[in-house]
Amino acid sequence: MIKVVKFGGSSLASADQFMKVGSIIRADEARRYVVPSAPGKRFSDDTKVTDMLYHCYDLAERGQAFTKQLNQIKDRYNEIIRGLKLDLSLEEDFETIKKQFISKAGSMYAASRGEYLNGKIIAKYLGYEFVDAANAIRFHKDGSFDADTTNKLLAERLENIERAVIPGFYGSMANGTVVTFSRGGSDITGSLVARAVNANLYENWTDVSGFLVADPRVVKNPEIIHTITYKELRELAYMGASVLHEDAIFPVRQAGIPINIRNTNAPDEDGTMIVESTCRIPAYTITGIAGKKGFVAVNIEKEMMNSEVGFGRKVLGAFEDNGISFEHMPSGIDTMTIFVHQDEFAEKEQQVIADINKATHPDSIELESDLALIAVVGRGMRSTRGTAGRLFSALAHAHINVKMIDQGSSELNIIIGVDNEDFNDAIHAIYDMFVVSQL
Ligand code: ASP
């Protein structure tokens, strides 16, 4: 049994947090490969080491003094080393970093040092071998990720190492230039390592006990989702639910490795299992609710639209030509509505309208702004009758006007459009109907 364990920044923010991580790893022999993030926030208005590094490098790049800022970063690490009573000095590493900053090694190099140094500490603390991700995670010359070479390099490098620490977030091009993934990218490293070593499980340890049925900023203490499929996760993540970097899913999904989201501060809780498919009946008909505000509905009307071949293509062409992607497209016989992101659309709206007019000569084009979309997602909906009925009666009881309904053909989700100002009430109403009333 092999488990790859990735720990997020808040799990490694201080010596105390490191100790929790140490006991989690030691509690299970299978936890052989460890992927750490850089130290995160210790308290709510603390600064993440990655952000400190970006700032410090920014000063260096502008030719300003940065020693004080670099020393503050060094202090963060030394505090951890002292707290763990380790016989380890990062002096030489900091000398190298300083030189690299002066010779302008790049902001990606700078940011990557957060994980690199944390990896060294945790390797020493656990007695695991340190494997620099720069030698095993490969990027192409143009900066894009090279999945095939990475899988080969990682597999070869880790083949004969029983227990190793591989820092998250970065890798390098063949010429040694360090490249990072986008923010939160240590999740991706964890997933790549899991695939390369054919792990049985990828454990992603963070500071929440898994995915929640609804956003805790909207619903107080929402229930935890115990098991979710990759498809459900994709729907919820797209609508704004975030715990895991989106690109972390592909490598493990392809290899059939499940992900387990766990809480470093509550290791006895099972967290959320993310799986390809499951015969586990979900606790509720719905798995989760997520949503986003800030959409515009572009309503287009034209008599006999339904018999005009190519009408839809011409309308969508006007959006495409202006570089605007659309979210949803519900339609009637002589009407068609396109949902787009308000901030993307606002600056180009007159051009898009002019293009639609020119291409299709509609009777009218109306815009409705400040709308929200809410996705109600669940594999359980396919086999349950009356879900839509319950959903709309919950919204009707809460006096919420539903502007749009879209049920995907997979029957995995129902998406509704409401006014921005009804967003929170709508989520509450849905949560109450499907979760609270089932408890
Ligand atoms: N330390 C990086 C960040 O703050 C990467 C990560 O934590 O996953 O984005």
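Data block above holds the structure.
Because the structure is a prediction, the values reported are computed rather than measured.

## What about the overall build of the protein?
Part 1 of the reasoning: Within the protein, the regular secondary structure consists of 14 helices and 17 strands.
Part 2 of the reasoning: By its C-alpha atoms, the protein is 75 × 50 × 40 Å across when sized along the principal axes.
Part 3 of the reasoning: A burial count over the protein gives 52% of its 439 residues as buried.
Part 4 of the reasoning: Considering only contacts within the protein whose residues lie at least 6 apart along the sequence, 75% involve residues at least 24 apart.
Part 5 of the reasoning: For the protein, the computed accessible surface area is about 20500 Å², with 47% contributed by carbon and sulfur atoms.
Part 6 of the reasoning: With 47 positive and 60 negative side-chain charges, the protein shows a spacing of 7 Å between the two charge centroids.

## Here we look at the pairing of strand β15 (residues 364-377)
Part 1 of the reasoning: In terms of strand pairing, strand β12 (residues 288-301) meets β15 through 11 bridges, oriented antiparallel. Looking at β15, one finds that Glu301 is bridged to Ser364.
Part 2 of the reasoning: Pairing of β15 with strand β17 (residues 413-419), which is carried by 7 bridges, proceeds in the antiparallel orientation. Bridged to Leu373 within β17 is Gly417.

## As for the site of the ligand
Part 1 of the reasoning: Neighbouring the ligand are the residues Ser37, Lys48, Thr50, Glu115, Phe169, Arg183, Gly184, Gly185 and Ser186.
Part 2 of the reasoning: A distance of 2.7 Å separates an oxygen atom of the ligand from a polar atom in the side chain of Arg183.
Part 3 of the reasoning: Gly184 places a main-chain nitrogen or oxygen 2.8 Å from an oxygen atom of the ligand.
Part 4 of the reasoning: Taking 270 Å² as the accessible area of the ligand by itself, protein coverage stands at 94%.
Part 5 of the reasoning: Residue composition of the shell around the ligand, grouped by class: 1 nonpolar, 5 polar and 3 charged.

## Quick look at helix α4 (residues 91-102)
Part 1 of the reasoning: A rise of 1.5 Å per residue sets the reference length of α4, with its 12 residues, at 16 Å; its end C-alpha atoms lie 17 Å apart and thus fit the reference within 8%.
Part 2 of the reasoning: For α4, the elements touching its buried residues are α2 (49-61), α3 (67-83) and α5 (107-126).
Part 3 of the reasoning: Just downstream of α4, Lys104 is the residue with a positive phi angle, here 55°.

## Quick look at the packing of aromatic side chains
Part 1 of the reasoning: One pass over the structure, following the stated rule, counts 9 aromatic pairs.
Part 2 of the reasoning: Their ring planes at 55° and their centres at 6.3 Å tell us that Tyr77 and Phe94 sit as a pair that is tilted. Of this pair, Tyr77 sits in helix α3 while Phe94 sits in helix α4, and the two are 17 residues apart along the sequence.
Part 3 of the reasoning: Overall, the relative accessible area of 0% leaves Tyr77 in the buried class.
Part 4 of the reasoning: Looking at Phe94, the relative accessible area reads 3%, which means it is buried.
Part 5 of the reasoning: Above the plane of the ring of Tyr238 lies Lys292, whose end atom (NZ or CZ) is 5.0 Å from the centre.

## Topic: the pattern of salt bridges
Part 1 of the reasoning: Throughout the structure, instances matching the rule amount to 22 salt bridges.
Part 2 of the reasoning: Here Asp51 and Arg183 are joined by a salt bridge, their closest N and O atoms 3.0 Å apart. With Asp51 in helix α2 and Arg183 in the loop between β7 (178-180) and α7 (186-196), this pair connects stretches of sequence that are 132 residues apart.
Part 3 of the reasoning: The class for Asp51 is partly exposed, based on a relative accessible area of 30%.

## Some remarks on the sheet that holds strand β13 (residues 326-328)
Part 1 of the reasoning: With antiparallel pairing, 6 strands are arranged side by side in an open sheet as β13-β14-β12-β15-β17-β16. The sheet terminates laterally at β13 and β16 (404-407), the two strands that pair on one side only. Averaged over neighbouring strand pairs, the angle between their axes works out to 35° when direction is ignored.
Part 2 of the reasoning: Packed on one face of the sheet, helix α8 (residues 230-238) meets β12, β13, β15 and β17 and runs near 65° to β12.
Part 3 of the reasoning: Packed on one face of the sheet, helix α10 (residues 311-321) meets β12, β13 and β14 (335-341) and runs near 20° to β14.

## Quick notes on the nonpolar core
Part 1 of the reasoning: Membership of the largest hydrophobic core comes to 117 residues, with the highest contact counts inside it found for Phe101 and Ile430.
Part 2 of the reasoning: If one sorts the elements of this core by residue count, α5 sits on top with 9 residues.
Part 3 of the reasoning: With sequence-adjacent residues up to four places away left out, Ile430 is seen in contact with Ile286, Ile289, Ile374, Val376, Leu391, Leu395, Ile416 and Val435.
Part 4 of the reasoning: Ranked by size, the runner-up nonpolar core spans 17 residues in total, among them Val315, Ala318, Ile324 and Phe345.

## Describing the sheet that holds β7
Part 1 of the reasoning: Strand order in the open sheet made by the 3 strands is β4-β6-β7, with mixed pairing throughout. Sheet topology places β4 (138-139) and β7 at the edges, where each strand pairs with a single neighbour.
Part 2 of the reasoning: Both β4 and strand β6 (residues 170-173) contribute to a ladder of 2 bridges, which runs parallel. Paired with Arg138 across the bridge in β6 is Ser172.
Part 3 of the reasoning: Relative to the sheet, α5 contacts β6 and β7, its axis offset from that of β7 by approximately 75°.

## Observations regarding a negative patch on the surface
Part 1 of the reasoning: A grouping of Glu301, Glu303, Asp363 and Glu366 is seen on the molecular surface, where their side chains present a negatively charged patch.
Part 2 of the reasoning: Its place among the elements puts Glu366 in strand β15.

## Description of unusual backbone geometry
Part 1 of the reasoning: The residue Phe169 is not glycine, and still its phi comes out positive at about 85°.
Part 2 of the reasoning: Checked against the element boundaries, Phe169 lands in the loop between β5 (164-165) and β6.
Part 3 of the reasoning: The exposure class assigned to Phe169 is buried, which follows from its relative accessible area of 3%.
Part 4 of the reasoning: Phi angles above zero are rare outside glycine, and Asp370 is one such case at about 55°.
Part 5 of the reasoning: Looking at where Asp370 falls in the secondary structure, it is placed in strand β15.
Part 6 of the reasoning: Taking relative accessible area as the criterion, Asp370 reaches 41% and is therefore assigned partly exposed.

Rules used in this analysis
- The numbering scheme is per chain: residues are counted from 1 as the chain's sequence reads.
- Side-chain atom pairs in this predicted model are given and counted only at pLDDT of 80 or more, local residue features only at pLDDT of at least 70, and totals for whole chains, interfaces and linings cover all residues.
- Processing note: side-chain calculations cover all non-hydrogen atoms of the structure and skip hydrogens and water entirely.
- Strands here are runs of E lasting at least two residues and helices are runs of H or I lasting at least four, both read from the DSSP assignment and numbered beginning at the N terminus.
- When a residue's accessible area, from a 1.4 Å probe over protein chains only, is under 20% of the maximum for its type it is buried; when over 50% it is exposed; and in between it is partly exposed.
- A contact between two residues is defined here by any heavy atoms of the two lying within 4.5 Å.
- Only the protein chains shown count as cover for residues, and all accessible areas are computed by the Shrake-Rupley method using a 1.4 Å probe.
- His is not counted, nor are the chain ends; Lys and Arg add positive charge and Asp and Glu add negative charge.
- Lys charges are placed at NZ, Arg charges at CZ, Asp charges at CG and Glu charges at CD.
- At least two DSSP bridges between two strands are needed for those strands to be called paired.
- Working definition: residue near molecule or strand if any one of its non-hydrogen atoms lies within 4 Å of it.
- Polar contacts, as used here, are pairs of N or O atoms within 3.5 Å; protein pairs need one atom able to donate a hydrogen and one able to accept it. Residues neighboring in sequence count only if both atoms are side-chain atoms.
- Any residue outside Ala, Val, Leu, Ile, Met, Phe, Trp, Tyr, Cys, Pro, Asp, Glu, Lys and Arg is labelled polar, Gly included; the first ten of those are nonpolar and the last four are charged.
- Multiplying 1.5 Å by the residue count of a helix minus one yields the expected span of that helix.
- Between rings of Phe, Tyr and Trp, where Trp is taken as its six-membered ring, a pair exists when centres lie within 6.5 Å; planes separated by under 30 degrees are stacked, by over 60 edge-to-face, and by other angles tilted.
- Sitting over a ring, as applied to charges here, requires NZ of Lys or CZ of Arg to be within 6 Å of the ring centre and within 35 degrees of the ring normal.
- Whenever Lys or Arg places a side-chain nitrogen within 4 Å of a carboxyl oxygen from Asp or Glu, that contact is recorded as a salt bridge.
- To get an axis, a line is fitted to the C-alpha atoms, and for a helix only the part in contact is used. The angle between two axes follows their N-to-C directions and goes from 0 to 180 degrees.
- We define the nonpolar core as a collection of buried residues of types Ala, Val, Leu, Ile, Met, Phe, Trp, Tyr and Cys that are connected through side-chain atoms lying within 4.5 Å of one another.
- Residues form patches when they are more than 30% accessible in relative terms and have no salt bridge. Like charges link within 9 Å. Nonpolar side chains (Val, Leu, Ile, Met, Phe, Trp, Tyr) link within 5 Å.

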